[in-house]
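Examining the three-dimensional arrangement
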Protein chains: 2
Amino acid sequence: MSNSLSEADLPTLADVRRAAARIRPFPRRTPVLTASSLDALSGVKLFFKCENFQRVGAFKFRGACNAVQSLSPAEAARGVATHSSGNHGAALALAARLRGARCTVVVPRNAPTVKRAAVAAYGADVVLCEPTLEARERTLAEAVADSGQVVVHPYDDARVIAGQGTAALELVEDVPDLDVVLVPIGGGGLASGTALAVRGISPGPRVVAVEPLGADDAYRSFQAGERLPSVAPDTIADGLLTSLGVRNFELVRRHVDDIVRVSEGAIVRAMRLLWERMKIVVEPSGAVPLAALLDGAVEGLAGQRIGIVLSGGNVDLDRLPW
Amino acid sequence: MSNSLSEADLPTLADVRRAAARIRPFPRRTPVLTASSLDALSGVKLFFKCENFQRVGAFKFRGACNAVQSLSPAEAARGVATHSSGNHGAALALAARLRGARCTVVVPRNAPTVKRAAVAAYGADVVLCEPTLEARERTLAEAVADSGQVVVHPYDDARVIAGQGTAALELVEDVPDLDVVLVPIGGGGLASGTALAVRGISPGPRVVAVEPLGADDAYRSFQAGERLPSVAPDTIADGLLTSLGVRNFELVRRHVDDIVRVSEGAIVRAMRLLWERMKIVVEPSGAVPLAALLDGAVEGLAGQRIGIVLSGGNVDLDRLPW
């Protein structure tokens, strides 16, 4: 993937709106939940966009669905492919099935069996590889060399970014007068899509992305004004281990107001509070924005109306972090 | 409590409707969620009324709120009292606080500290007692002897039953064409209120109550046609350990179509499925109806539209049953 981008490579608010219209029959319109006890704890008014209730258990279905629904008939006939150890693989598999398209997912051998089974259950071909990025990319290239399947990157893809933005589009339709939207950031698909989506509102909410301290390449890149590599990322928020993408960095640089960081302990505390107080299952990555609020990582919010995208709910119930 | 009941002691559908109007400002109108993967597993179309999202985390708030809002000003000035080791104590405490009324809750010494703390946090006076029914009732009688506080029984109370029925009233408003409503049964507050609530629909859904095999006094009473005592009840569904009440038995006998039983293993499997597939936190008691469906305990449901009242979501996240 090249570092040189043209404006044509970057999705816009119009692309997010087109994505919403294109995929309308497929994703759930997830509810926006409130929680007075968490309002009392945090001193703000919270609105949670529950993408943990989304199909395949995460917002990832939106982007994958927009990518697949954007294919020409000829492309769809060839199918799609990706490499993934997590939610994107299952999301692409389901999105492909809904279009009747073939899907191949390259999965590292060390990925949890349950995730591999989920991808297979949605009808995708699973190809195992060694658990290195090099092996994943090589195996994927080999898999598509003959088939001509269209590769759909999990986040550094204009169609995927536009699709992820549809969650925030629904959030601001349901709660139009938000002061701030908080969103987790890893590869940057959700964060950049969200930042685009809220640009249709005037005066729009600020967008603050939140990143684990243990995987803070987006924070460092944002501060430095250039995309910096991820170095030995380590966090319980497994959805945020990936490095910020090229398109994602450019959009975040332009449209995200700030990036803040949170500790592992704060993430686990926030995750547990969401389960206990709201009775919902949220994965560690999804708890990262609330962790920032409870830790005071974002200043000047007292009394404001805060939207939070709860990104997903796929956790291993046998291995909870408390 | 006497075993001789007059018709005037029994609430009706009209009482459930009056309760709904009386308490309208206070409980959440909880959402009805669907889950296509659970539909596929069970072969029916499921509609989950999510009382795990209710205030204090359980439907119990509805009945307590109706009881407290039904008090005369003079009664309210004296306050309310109950004994409870579980959700009813917290529910009554919050309901009293919302009316500015005093509340005393007698709590057995062996109740979890977290439950005692919840009752106290809602502003109630907590009185500890030995963990026997005799000690609970005696301590409660002593506590109210001087104060004149009105005792609100957790389920064998017409106001409480009418209040619990408001959950099903909302369910059938949102999904008017249900074939069956499944509801857990313990003391019978929720089951009898639900059976009353759906009588406004013609042809109304059948109401089937579901009980753990390890605490099946309602099933045995229903079969025998007389209220039989509970004998050493033992189940993970701690909300269903109590014995069917007098009013509750009479209403169940008249208005519930059937009672079926489920094993402990089926309850845990259903609970885990609700967490994994729907990303919601449901307590064991709340999973009992789905357990019956997955175990085939209710016959002739294939393809039908089934409402399930998910009764609550208060679980100890440090002690999950898997």
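Up top is the structure these notes are about.
Residues numbered from 1 in each chain as written. Chains lettered and ligands numbered in written order. Predicted model: local features only at pLDDT ≥ 70, side-chain atom pairs only at ≥ 80, totals over all residues. Heavy atoms only, no water.

Considerations on the overall build of chain A
In terms of helices and strands, chain A carries 13 helices and 10 strands. Rg of the C-alpha trace for chain A: 18 Å, near the compact-globule value of 20 Å for 322 residues, within the 12% margin. The C-alpha extent of chain A, read off along each of the three principal axes, is 55 × 45 × 40 Å. Per-residue burial for chain A yields a buried fraction of 57% across its 322 residues. Counting contacts in chain A only where the partners sit at least 6 residues apart, residues at least 24 apart contribute 73% of the total. Of the roughly 12300 Å² of accessible surface on chain A, 49% is carried by carbon and sulfur atoms. (Helix = DSSP H or I, 4+ residues; strand = E, 2+ residues; numbered from the N terminus. Rg over C-alpha atoms; globule rule 2.2 N^0.38 Å. Buried < 20%, exposed > 50% of the residue type's maximum accessible area, 1.4 Å probe, protein only. Contact = heavy atoms within 4.5 Å. Areas by Shrake-Rupley, 256 points an atom, 1.4 Å probe, with all protein chains shown as cover.)

Points about the relation of the copies chain A and chain B
Overlaying chain A with chain B gives an RMSD of 0.0 Å, the required rotation being 180° about an axis along which the chain moves by 0.0 Å. The two molecules are tied by a two-fold rotation axis, judged by turn and shift. The position closest to the rotation axis in chain A is occupied by the C-alpha of A:Ile280, lying 2.1 Å away. Taken as a fraction of all interface residues of chain A, those also at the interface in chain B reach 100%, which identifies the copy contact as same-surface. (Least-squares fit on C-alpha atoms with pLDDT ≥ 70 in both.)

What about the pairing of strand β8 (residues 206–212) of chain B?
Residues and elements named next belong to chain B. Of all 7 residues in β8, 6 are buried; the element is thus mostly enclosed. Both strand β7 (residues 180–184) and β8 contribute to a ladder of 5 bridges, which runs parallel. Residue pairing in the sheet places Val183 in a bridge with Ala209 of β8. What joins β7 to β8 is helix α9 (residues 189–197), and the crossover it makes is right-handed. When β8 meets strand β9 (residues 258–262), the two strands line up parallel, connected through 5 bridges. The residue bridging Pro212 from the neighbouring strand is Val262, located in β9. (Pairing = 2+ DSSP bridges. Right-handed = clockwise from strand over helix to strand, strands pointing away.)

Topic: helix α8 (residues 158–174) of chain A
Residue and element names in this part refer to chain A. Taking 1.5 Å per residue as the helical rise, α8 with its 17 residues ought to reach 24 Å, and the 25 Å between its terminal C-alpha atoms agrees with that figure. At Thr166, α8 shows its largest kink, close to 25°. Counting buried residues along α8, 13 of its 17 residues qualify, which places the element largely inside the surrounding structure. (Expected span 1.5 Å × (residues − 1). Bend = angle between axes of the 7 residues up to and from the residue.)

Brief notes about helix α13 (residues 284–294) of chain B
Burial analysis of α13(B) places 10 of its 11 residues in the buried class, the great majority of the element. Three or more residues of α13(B) are buried, namely B:Pro284, B:Ser285, B:Gly286, B:Ala287, B:Val288, B:Pro289, B:Leu290, B:Ala291, B:Ala292 and B:Leu293.

Looking at the packing of helix α1 (residues 13–23) of chain B against helix α8 (residues 158–174) of chain B
Residue and element names in this part refer to chain B. Taken N-terminus to C-terminus, the directions of α1 and α8 make an angle of 85°; their axes are 8 Å apart at the nearest point. Put simply, α1 runs roughly perpendicular to α8. On α8, the residues that touch Leu13, Asp15, Val16, Arg17, Ala19, Ala20 and Ile23 of α1 are Ala162, Gly163, Gly165, Thr166 and Leu169. Grouping the constituent residues of the contact of α1 with α8 by class yields 7 nonpolar, 3 polar and 2 charged. (Axes fitted to C-alpha atoms, helices over the stretch in contact; angles between N-to-C directions. Parallel < 35°, antiparallel > 145°, perpendicular 65-115°, else oblique. Nonpolar A, V, L, I, M, F, W, Y, C, P; charged D, E, K, R; others polar.)

Side note on the sheet that holds strand β3 (residues 80–83) of chain B
Residue and element names in this part refer to chain B. A sheet is described by the order of its strands in space; here 4 strands give the open sequence β5-β4-β3-β6, paired in parallel fashion. In this open sheet, the two strands that pair with only one neighbour each are β5 (125–129) and β6 (150–151). Pairing analysis gives 2 bridges linking β3 to β6, with the strands arranged parallel. Looking at β6, one finds that Ala81 is bridged to Val151. Running at roughly 170° to β3, helix α5 (residues 87–99) makes contact with β3 and β4 (103–108) of the sheet.

Looking at the interface of chain A and chain B
Many structure descriptions define interface size as the accessible area lost when the parts assemble. Facing the 22 residues of chain A at the interface are 22 residues of chain B. Buried area between chain A and chain B, summed over both chains or domains, comes out near 1600 Å², and the portion from carbon and sulfur atoms is 56%. The largest share of the area that chain A buries against chain B comes from A:Lys279, A:Val281 and A:Leu317, three residues that together contribute 38% of it. Across the contact surface, chain A and chain B share 2 salt bridges. In this structure, A:Asp318 and B:Arg272 form a salt bridge, with 2.9 Å as the shortest nitrogen-oxygen distance. For the pair chain A and chain B, the interface holds 10 residue pairs in polar contact (both at pLDDT 80 or more). Among the residues making up the side of chain A that touches chain B, the classes are represented as 10 nonpolar, 6 polar and 6 charged. (Buried area = accessible area lost by both parts, 1.4 Å probe. Salt bridge = Lys/Arg side-chain N within 4 Å of Asp/Glu carboxyl O. Polar contact = N/O pair within 3.5 Å; in protein donor to acceptor, adjacent residues only side chain to side chain.)

A word on the packing of helix α3 (residues 60–69) of chain B against α5(B)
Residues and elements named next belong to chain B. Where α3 contacts α5, the two axes come as close as 8 Å, and the packing angle between them is 40°. Between α3 and α5, the crossing angle belongs to the class labelled oblique. For the crossing formed where α3 meets α5, the hand is right-handed. Across the interface between the two elements, Lys60, Phe61, Ala64, Cys65, Val68 and Gln69 of α3 pack against Asn87, His88, Ala91, Leu92, Leu94, Ala95, Ala96, Leu98 and Arg99 of α5. Grouping the amino acids of the contact of α3 with α5 by side-chain chemistry returns 10 nonpolar, 3 polar and 2 charged. (Left-handed = near helix turned anticlockwise from the far one by under 90°.)

A closer look at the packing of aromatic side chains
Within this structure, the stated rule accounts for 3 aromatic pairs over all chains. Ring centres of A:Trp275 and A:Trp322 lie 5.2 Å apart, and the angle between their planes is 85°; on these two criteria the pair is classed as edge-to-face. Highlighted residues: A:Trp275 in helix α12 (residues 264–278) and A:Trp322 in the segment after β10 (305–310), separated in sequence by 47 residues. For A:Trp275, a relative accessible area of 0% corresponds to the buried category. On the basis of relative accessible area, A:Trp322 is assigned to the partly exposed category, the value being 25%. With centroids separated by 5.8 Å and ring planes inclined at 70°, the aromatic side chains of A:Trp275 and B:Trp275 adopt a geometry described as edge-to-face. Here B:Trp275 lies in helix α12 (residues 264–278) and A:Trp275 lies in helix α12, a pairing that spans two chains. One exposure class covers both A:Trp275 and B:Trp275, and it is buried. Chaining the aromatic ring pairs together yields one cluster made of A:Trp275, A:Trp322, B:Trp275 and B:Trp322. The residue whose ring lies beneath B:Lys45 is B:Phe47, and the NZ or CZ to ring-centre distance is 5.6 Å. (Phe/Tyr/Trp six-rings, centres within 6.5 Å; stacked < 30°, edge-to-face > 60°. Lys NZ or Arg CZ within 6 Å of the ring centre and 35° of its normal.)

Some remarks on the environment of A:Leu274
As for its placement among the helices and strands, A:Leu274 is situated in helix α12. The residues touching A:Leu274, leaving out its near neighbours within four places in the chain, are A:Leu38, A:Phe48, A:Lys279, A:Ile280, A:Val282, A:Ala287, A:Leu290 and A:Leu310.

With respect to the side chain of A:Arg272
Its place among the elements puts A:Arg272 in helix α12. In contact with A:Arg272, other than residues within four places in its own chain, are A:Trp322, B:Asp316, B:Leu317 and B:Asp318.

Quick notes on the pairing of strand β4 (residues 103–108) of chain A
Residue and element names in this part refer to chain A. In terms of burial, β4 is largely enclosed, as 6 of its 6 residues are buried. Side chains Cys103, Val105 and Val107 project from β4 onto one buried face, and the interleaved Thr104, Val106 and Pro108 project onto a second face that is buried too. In this structure, strand β3 (residues 80–83) lies alongside β4, joined through 4 bridges in parallel fashion. Within the sheet, the bridge partner assigned to Val80 lies in β4 and is Cys103. One crossover worth recording links β3 to the parallel β4 by way of helix α5 (residues 87–99), and it is right-handed. Sheet topology places β4 next to strand β5 (residues 125–129); 5 bridges connect them, and they run parallel.

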